[in-house]
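Residue-level structural notes
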Amino acid sequence: MTRLRHLRNQVGYALVGLPLAVAGFAYAGLTVVVGGLTSLTLLGLPLMSSGVLGARGWGRLHRALARATLGLRVDDPRPVRRRPGPVGYVRTGLGDATGWRALAYLVVKLPVTLLAAAVIAVFLCYPVFLLSHPLWWKFIQPVNTDSLGRPHRAALQLGDFFFDTWPRSFLLAGIGAGMLLAGPSLLRLVLLLDELLIRGLLGPTSLDERVDNLEEARALAVDDAAALLRRIERDLHDGTQAQLVALAMKLGLAKEKLSEGAAPEARALVETAHRDAKTAITDLRDLARGIHPPMLDSGLEAALSTLVARGTVPVELRVEVSDRPSPAVETIVYYCVAELLTNVAKHATARRATVDLRQHDGLLRVQVGDDGGGGARIGSAARGLPGGGLVGLHDRARTVDGTMRIDSPPGGPTLVTLEFPVRP
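Here's what I pulled together on the structure shown here.

How each quantity is defined
Residues numbered from 1 in each chain as written. Predicted model: local features only at pLDDT ≥ 70, side-chain atom pairs only at ≥ 80, totals over all residues. Heavy atoms only, no water. Pairing = 2+ DSSP bridges. Helix = DSSP H or I, 4+ residues; strand = E, 2+ residues; numbered from the N terminus. Axes fitted to C-alpha atoms, helices over the stretch in contact; angles between N-to-C directions. Contact = heavy atoms within 4.5 Å. Parallel < 35°, antiparallel > 145°, perpendicular 65-115°, else oblique. Left-handed = near helix turned anticlockwise from the far one by under 90°. Nonpolar A, V, L, I, M, F, W, Y, C, P; charged D, E, K, R; others polar. Buried < 20%, exposed > 50% of the residue type's maximum accessible area, 1.4 Å probe, protein only. Patch = residues over 30% accessible without salt bridge, like charges linked within 9 Å, V, L, I, M, F, W, Y side chains within 5 Å. Areas by Shrake-Rupley, 256 points an atom, 1.4 Å probe, with all protein chains shown as cover. Salt bridge = Lys/Arg side-chain N within 4 Å of Asp/Glu carboxyl O. Core = buried A, V, L, I, M, F, W, Y, C linked by side-chain atoms within 4.5 Å. Phe/Tyr/Trp six-rings, centres within 6.5 Å; stacked < 30°, edge-to-face > 60°.

1. Section: the sheet that holds strand E4 (residues 403–407)
- Pairing is mixed in the open sheet, where five strands are placed in the order E1-E2-E3-E5-E4. If you trace the sheet from one side to the other, it starts and ends with strand E1 (315–320) and E4, each paired once. Each strand axis lies, on average, 10 degrees off the axis of its neighbour in the sheet, ignoring direction.
- With eight bridges connecting them, strand E2 (residues 353–360) and strand E3 (residues 363–370) associate as antiparallel partners. Counted as the bridge partner of Gln359 is Leu364 from E3.
- Across the sheet, helix H10 (residues 300–309) lies against E1, E2 and E3, angled at about 180 degrees from E1, the strand it touches most.
- With respect to the sheet, helix H11 (residues 327–348) is in contact with E1, E2, E3 and strand E5 (414–421), its orientation differing from that of E3 by roughly 10 degrees.

2. Concerning the packing of H10 against H11
- Between H10 and H11, the shortest axis-to-axis distance is 11 Å and the interhelical angle comes to 20 degrees. Relative to H11, H10 is oriented roughly parallel. As H10 runs across H11, the sense of the crossing is right-handed. Across from Leu300, Ala303, Leu304, Leu307 and Val308 in H10, the residues of H11 making contact are Glu330, Val333, Tyr334, Val337, Ala338 and Leu341.
- For the contact of H10 with H11, a count of residues per class yields 10 nonpolar, no polar and one charged.

3. As for the environment of Leu124
- Within the secondary structure, Leu124 sits in helix H4 (residues 97–131).
- Given a relative accessible area of 12%, Leu124 falls into the buried group.
- As for Leu124 and Gly176, which are separated by 52 residues in sequence, their C-alpha atoms are 8.9 Å apart.
- Among residues more than four places away in sequence, those in contact with Leu124 are Leu7, Val11, Val119, Leu180, Gly183, Pro184 and Leu187.

4. A word on a nonpolar patch on the surface
- Together, Leu30, Val32, Val33, Val34, Leu37, Leu43, Leu45, Leu47, Leu94 and Trp100 make up a nonpolar patch on the protein surface, roughly 880 Å² of accessible area in all.
- Counting residues per element, the ones that place at least two in the nonpolar patch are helix H1 (2–37) and helix H2 (44–69).
- Ranked by the residues each element gives to the nonpolar patch, the list is headed by H1, at five residues.
- Along the chain, Val34 falls in helix H1.

5. A short note on the pairing of E3
- Linking two consecutive strands that pair antiparallel, namely E2 and E3, is a turn of two residues; a positive phi of about 55 degrees is found at Asp361 within it.
- Of the pairings in the sheet, the one linking E3 to E5 comprises eight bridges and is antiparallel in character. Paired with Leu364 across the strands is Phe420, a residue of E5.

6. Digging into the nonpolar core
- In this structure, Val333, Val337, Leu341, Val366, Leu418 and Phe420 are the most contacted members of the largest nonpolar core, which totals 35 residues.
- At 12 residues, the largest contribution of residues to this core is made by H11.
- Excluding residues within four positions of it along the chain, Phe420 makes contact with Val329, Ile332, Val333, Cys336, Gly362, Leu363, Leu364, Val366, Ala397, Val400 and Gly402.
- Residues Leu7, Ile120, Val190 and Leu202 belong to the second largest nonpolar core, which totals 28 residues.

7. Re the environment of Pro421
- Relative to the assigned elements, Pro421 resides in strand E5.
- Taking the C-alpha atoms as reference points, Pro421 and Leu363, 58 residues apart in sequence, are found 4.5 Å from one another.
- Residues contacting Pro421, with those up to four places away along its chain left out, are Val329, Gly362, Leu363, Val400, Asp401 and Gly402.

8. Details of the pattern of salt bridges
- The tally for this structure, following the rule as stated, stands at 12 salt bridges.
- Residue Lys109 pairs with Asp194 through a salt bridge whose shortest N-O separation is 2.7 Å. Taken together, the residues span a long stretch of sequence, with Lys109 in helix H4 and Asp194 in helix H7 (residues 166–202) at a distance of 85 residues. Each member of the pair Lys109 and Asp194 is classed as buried.
- Arg324 is the salt-bridge partner of Glu330, the closest N and O atoms lying 2.7 Å from each other.
- Judged by relative accessible area, Arg324 falls into the partly exposed class, the value being 41%.
- One salt-bridge network, held together by shared partners, links Glu316, Arg318, Glu320, Arg352, Asp356 and Arg358.

9. Focus on the side chain of Asp194
- Asp194 sits in the buried class, given a relative accessible area of 2%.
- Beyond its immediate chain neighbours, meaning those up to four positions away, Asp194 contacts Tyr13, Tyr105, Lys109 and Val112.

10. Let's talk about the pairing of E5
- The buried fraction of E5 amounts to seven of the eight residues, a majority that puts the element mostly inside the structure.
- In this structure, E4 lies alongside E5, joined through five bridges in antiparallel fashion. Bridging across to E5, Thr403 finds its partner in Glu419.
- Between the end of E4 and the start of E5, which pair antiparallel, lie six residues, with Gly411 showing a positive phi angle near 95 degrees.

11. What to know about the packing of aromatic side chains
- Within this structure, the stated rule accounts for two aromatic pairs.
- When the centroid spacing of 5.7 Å and the interplanar angle of 45 degrees are considered together, the rings of Tyr27 and Trp58 count as tilted. A residue pair is termed long-range when its members are at least 10 positions apart, and Tyr27 in helix H1 and Trp58 in helix H2 qualify at 31 residues.
- Look at Tyr27 and you get partly exposed, because its relative accessible area is 22%.
- Trp58 sits in the buried class, given a relative accessible area of 18%.
- Note on Tyr334 and Tyr335: the rings are 5.4 Å apart at their centroids and 80 degrees apart in plane angle, and the pair reads as edge-to-face. This pair shows no difference in class: Tyr334 is buried, exactly as Tyr335 is.

As structure tokens, then:
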């Protein structure tokens, strides 16, 4: 029963795959031919780029079919990283190695599927005809060959030679049984070639797996660093800061208890120590807030609301987040927004600013805009001034696979867009 079930699945895979192979071959041919012929026009390269990116969907379909019928499990290749803008879209498609490999599979899939269909027809269907020959050959009515031409009479005589005796009929049945026994092995051999093509052309490459492992290790390192910073902030807040507060309170009490007749030097020392303790508390609080803002414990919306309220430029905040991002992404988003709002206040001479935070398709998009003088670019603190403030933001975003784009023409306005994966 198990072998029959496997054979049924293999035959079903080949038969269902035949129209898909024809359609996929036509798709690949149209992508290459039409895109190549029109590549000198404005429409050609975008068409070819769309075709290459669309081939990923064909690959996904063939992987799903192989998994459902043959039990072949192939991991999905790395998702495509789209570049912004029309030119970026064309570059993304033409440079997508996974899409090109999927197109190559669609081309070689057709001859392999035709070979599998031929094996099914010759070694699985035709042997049934041969096996049943002893049951029906006697019932065939003789044909009057007088009115036929010489080639037709010769063909019928040849057929009579092979089919008009019991020994020959059983011989044909034996041949059919042998073909039927060999058919599943031949079909399996052809489908093994198809499986190798799926693994080689539709699955991830060794480089993809290596990059995935490195990205996973990096994501764990980033999350561990975020957790460590959060723990340090709590230790400073609950330990060192609390001790300094207690010390300042004791120094304050000591200052009050010193009598007027005490030595001026002693009073001055206590007052200085009291003042230094309060300054240390303030500095430590700022340091802890710089390590991990406590308001992030309540989520990005609460933390950004507090950040906006402390700003010197009026800011309109809009937040639409359905799933809470990872702690590392939350921290990076908070500090990127804080840095951008600081740039707005220092350099943009803006009257108002906006912060828009939205989540869509597993991405967290942050847009910070202002109506200032514009001219900001990566490599400058703001408005083309010397410095590397925006470079630091760009590098910080890249640590979690984030991207950063700046639209800041001279004269303004400025719009900075950052995109982060919710789960890097």
